[in-house]
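# What the coordinates show
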Amino acid sequence: MGNKILVETSSFRDPAGHVFYKGSKVYRQVNQQYRNDFEFFLDSGLYDSLKEKRLIVPFQKVAKSHAICPSAYAVLETPKISFISYPYEWSFSQLQDAAETTLTIQKIALEHGMSLKDASAFNIQFTAGKHLLIDVLSFEKYKKETPWVAYRQFCQHFLAPLALMSYRDVRLNQLLKTYLDGIPLDLASSLLPKKTWLNFSLASHIHLHAKTQKHFAKIPDNVKKRTVKMSKHSLLSIIDDLSSAVKKLRLALTTSQWGDYYASFSYSAEAFSHKKRIVSRFLDVLAPGIVWDLGANTGEFSYIAAKKGMELIAFDADFLTVEKNYRTVKKDHMERIIPLVVDFANPTPSLGWENRERQSLISRGPADCALSLALVHHLAIVNNVPFEKIAHFFSHIAHALIIEFVPKEDVQVKKLLSTREDIFLDYHQNAFEKAFSSFFEIVAVEKIHTSARIMYCMKKKNHD
Amino acid sequence: MIWYNARMKHVLILLFFFFLGVKGAHAYIDPGTGSYLIQIAIGSLLGGLYVVKKFWKSISAFITSFLRKLRHKQ
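Note that the structure is a prediction, hence the values are computed from the model and not measured. (Residues numbered from 1 in each chain as written. Chains lettered and ligands numbered in written order. Predicted model: local features only at pLDDT ≥ 70, side-chain atom pairs only at ≥ 80, totals over all residues. Heavy atoms only, no water.)

### Thoughts on the overall build of chain A
- From N to C terminus, chain A includes 16 helices and 16 strands.
- Computed over the C-alpha atoms, the radius of gyration of chain A is 24 Å, within 12% of the 23 Å expected from 2.2 N^0.38 for a compact globule of 464 residues.
- Principal-axis analysis of the C-alpha atoms gives chain A an extent of 75 × 60 × 40 Å.
- Each of the 464 residues in chain A was classed as buried or not, and the buried ones make up 55%.
- On chain A, roughly 19,900 Å² of surface is accessible, and the fraction owed to carbon and sulfur atoms is 51%.
- In chain A, 60 side chains carry a positive charge and 48 a negative one; their mean positions are 5 Å apart. (Helix = DSSP H or I, 4+ residues; strand = E, 2+ residues; numbered from the N terminus. Rg over C-alpha atoms; globule rule 2.2 N^0.38 Å. Buried < 20%, exposed > 50% of the residue type's maximum accessible area, 1.4 Å probe, protein only. Areas by Shrake-Rupley, 256 points an atom, 1.4 Å probe, with all protein chains shown as cover. Lys, Arg positive; Asp, Glu negative; His and termini not counted. Charge placed at Lys NZ, Arg CZ, Asp CG, Glu CD.)

### Points about the overall build of chain B
- Helix and strand counts for chain B stand at two helices and zero strands.
- Taken over 74 residues, chain B has a buried fraction of 32%.
- Total accessible area on chain B stands at roughly 5,400 Å², and carbon and sulfur atoms take up 70% of it.

### Observations regarding the sheet that holds strand 12 (residues 337-341) of chain A
Residues and elements named next belong to chain A.
- If you walk across this open sheet you meet the seven strands as 12-11-10-13-14-16-15, and the pairing is mixed. The outermost strands of the open sheet, each flanked by one partner alone, are strand 12 and strand 15 (440-447). Within the sheet, the average angular offset between the axes of one strand and its neighbour, ignoring direction, is 20°.
- Along the sheet face, helix 10 (residues 269-286) touches strand 10 (290-293), strand 13 (369-372), strand 14 (400-405), strand 15 and strand 16 (454-460) and points at about 15° away from the line of strand 16. (Pairing = 2+ DSSP bridges. Axes fitted to C-alpha atoms, helices over the stretch in contact; angles between N-to-C directions. Contact = heavy atoms within 4.5 Å.)

### Quick look at the confidence of the model for chain B
Residue and element names in this part refer to chain B.
- Looking at chain B as a whole, the pLDDT averages 71, with 64% of positions reaching at least 70.
- Note on residues 16-25: pLDDT is under 50 here. Beyond four places in sequence and across chains, it has 38 contacts.
- Across the interface, the model reports ipTM at 0.75; the global pTM reads 0.89. (pLDDT = per-residue confidence, 0-100.)

### Describing the domain arrangement of chain A
Residues and elements named next belong to chain A.
- Its domain assignment divides chain A into domain 1 (5-78), domain 2 (87-248) and domain 3 (261-460).
- Centre-to-centre separation of domain 1 and domain 3, based on C-alpha positions: 38 Å.
- Listed per partner, the contact involves four residues of domain 1 and four residues of domain 3.
- Counting each side, the surface lost to burial between domain 1 and domain 3 is near 460 Å², with a carbon and sulfur contribution of 41%.
- Across the domain 1-domain 3 interface, the total number found is one salt bridge. (Domains from an automatic or database assignment. Buried area = accessible area lost by both parts, 1.4 Å probe. Salt bridge = Lys/Arg side-chain N within 4 Å of Asp/Glu carboxyl O.)

### Re the nonpolar core
Residue and element names in this part refer to chain A.
- Grouped together as the largest cluster of nonpolar side chains are 129 residues, with contacts concentrated most on Phe41, Phe139, Trp148, Phe315, Phe387, Phe394 and Phe436.
- Looking at which element gives the most residues to this core, the answer is helix 4 (residues 151-167), with ten residues.
- Setting aside residues no more than four positions away along its own chain, Phe387 makes contact with Val376, Ala380, Phe405, Asp426, Tyr427, His428, Ala431, Phe432, Ala435 and Phe436.
- In terms of nonpolar packing, the next biggest core, distinct from the first, is built from 28 residues, Ile278, Leu283, Tyr303 and Ile402 among them. (Core = buried A, V, L, I, M, F, W, Y, C linked by side-chain atoms within 4.5 Å.)

### A short note on the pattern of salt bridges
All names here are of chain A.
- On inspection of all chains with the given rule, the structure shows 23 salt bridges over all chains.
- Measuring nitrogen to oxygen at the nearest pair gives 2.7 Å for the salt bridge that ties Glu404 to Lys275. Taken as a pair, Glu404 in strand 14 and Lys275 in helix 10 lie far apart in primary sequence, 129 residues in all.
- The class for Glu404 is buried, based on a relative accessible area of 0%.
- Note on Lys275: relative accessible area 1%, which makes it buried.
- Here Glu357 ties to Arg358 by a salt bridge, and the two come within 3.9 Å at their closest N and O atoms. Assigned by exposure class, Glu357 and Arg358 land together as buried.
- Three or more residues are tied together by salt bridges with common partners; here these are Lys275, Glu404, Asp410 and Arg453.

### Comments concerning the packing of aromatic side chains
Residue and element names in this part refer to chain A.
- In this structure the tally under the stated criterion is 31 aromatic pairs over all chains.
- Ring geometry for Phe38 and Phe41: centres 6.1 Å apart, planes at 45°, overall tilted. Of the two residues, Phe38 and Phe41 both sit in helix 1 (residues 35-43), three residues apart, roughly one turn of that helix. Neither Phe38 nor Phe41 differs from the other in exposure class; each is buried.
- Judged by centre distance (6.0 Å) and plane angle (45°), the rings of Phe393 and Phe394 are tilted. The two residues Phe393 and Phe394 agree in class, both being buried.
- If you follow Lys22 out to its NZ or CZ, it ends over the ring of Tyr27, 5.8 Å from the centre.
- Here the basic side chain of Arg358 rests over the ring of Phe122, its NZ or CZ set 3.9 Å away from the ring centre. (Phe/Tyr/Trp six-rings, centres within 6.5 Å; stacked < 30°, edge-to-face > 60°. Lys NZ or Arg CZ within 6 Å of the ring centre and 35° of its normal.)

### Remarks on the packing of helix 7 (residues 200-216) of chain A against helix 9 (residues 232-248) of chain A
Residues and elements named next belong to chain A.
- Between helix 7 and helix 9, the least distance of the axes is 10 Å, while the angle of their chain directions is 115°. If you check the angle between helix 7 and helix 9, you find them roughly perpendicular. The element helix 7 and its partner helix 9 pack so that their crossing is left-handed. Contact residues: helix 7 offers Phe200, Ser201 and His205, while helix 9 offers Ile238, Asp241, Leu242 and Ala245.
- Class assignment for the residues of the contact of helix 7 with helix 9 results in four nonpolar, two polar and one charged. (Parallel < 35°, antiparallel > 145°, perpendicular 65-115°, else oblique. Left-handed = near helix turned anticlockwise from the far one by under 90°. Nonpolar A, V, L, I, M, F, W, Y, C, P; charged D, E, K, R; others polar.)

Here you go:
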């Protein structure tokens, strides 16, 4: 990357400033027009308070000469976040914690005479075991007796998807991929069951809110000319009610397709423990900094890497599995692991303005190493992806691989083939090795004890 | 639902005249007129309920302590 300046492609909507990268460093330019609010943010003690509670990304002022345009008032340097994730990749509890973090920040801001001017879920990131606000220019001076500017955005980005996930289906947070500014409230209202009208918070913040939006959309000019006041007491009541609404939403954890995967594992405890030892040894050989676990399940193998001090992004396609993993990560303070919902048969695309505002999964890589355990047979047999294509894709997302080959005689593969014709004539070890050898150098191979499965340690060709 | 929609319309008209609209916002995101109004309505209701709850608590505390004192004297 050198010292080339790259402007963050999602940082353009708020004229208060923008993020840019120079080499490996992350900077945020604060523009002149945001000067008063920014100075108040520092002088009021709000920044110190949020920093102390680890609710905001810390920053330090650097020389103004770092600025990339003349409108700069100040330039801040912030630590690099190793992996930016998006709300449509979060499990229910991750989104719920992000919502609570936003409301906690808003309460603290109001105590200091400021208010959040936006409540975008994209401004919250999960890093080092904690949710924090990454947009340090999100505050404005609280204008006495005015409502919360970001109320609509909070309802669309957090309350609506959480309510839909809780009352309808956990997969409905995928609507956030289509609606980047949050789920429209009329859509959320029509999808939620009728019984949610009996819940005061959902009835008011979603159903009535949607009806009011629709009604006043036709006559905004008449309304804007008039003046109305909202006491701070009322504003705090709203924040408290939103907070209690978010906390009360629950997700019933049931056994999913993958939830009991380890329990119904096709091989013995001895094989499982041997596989863990192999993974540990291969990780020592590769010594990666950032590892992507491509089919993490509930995180059993991610923990091995995390315990070695590596940063883990633990992906799984199953929502409830990721939910379980997140709860465990939180309970056990596994700060190096970020569980995310991603289906590698259809990884997160680039979205938003110019298709560059929210990055695809591939453009957020490559990882130093990818763990692909008990995954390739799903991609090859369930999704009909040839080995060559899998190897090609993996060579784009990781510099090294720890990969498991599950042969046709394995119970799991037999199960996958039991309901369909076996058209996979090239599904065998030689073809697997040949396909991956086009992109990777095989460093080590080891068969798992009492099992037909084979583990490979590979390094990408032409990569040090 | 027809009954509901008619009712809803009345509620919204009431809201409109009762709260008399909102100040023009200078935010970089659109707060939405309807969102502003419903927020004010819910906020006022919740704020009012809080005051009533607090008032009710202080009344009940006064009555309880008064009755306790009365019993004590007897």
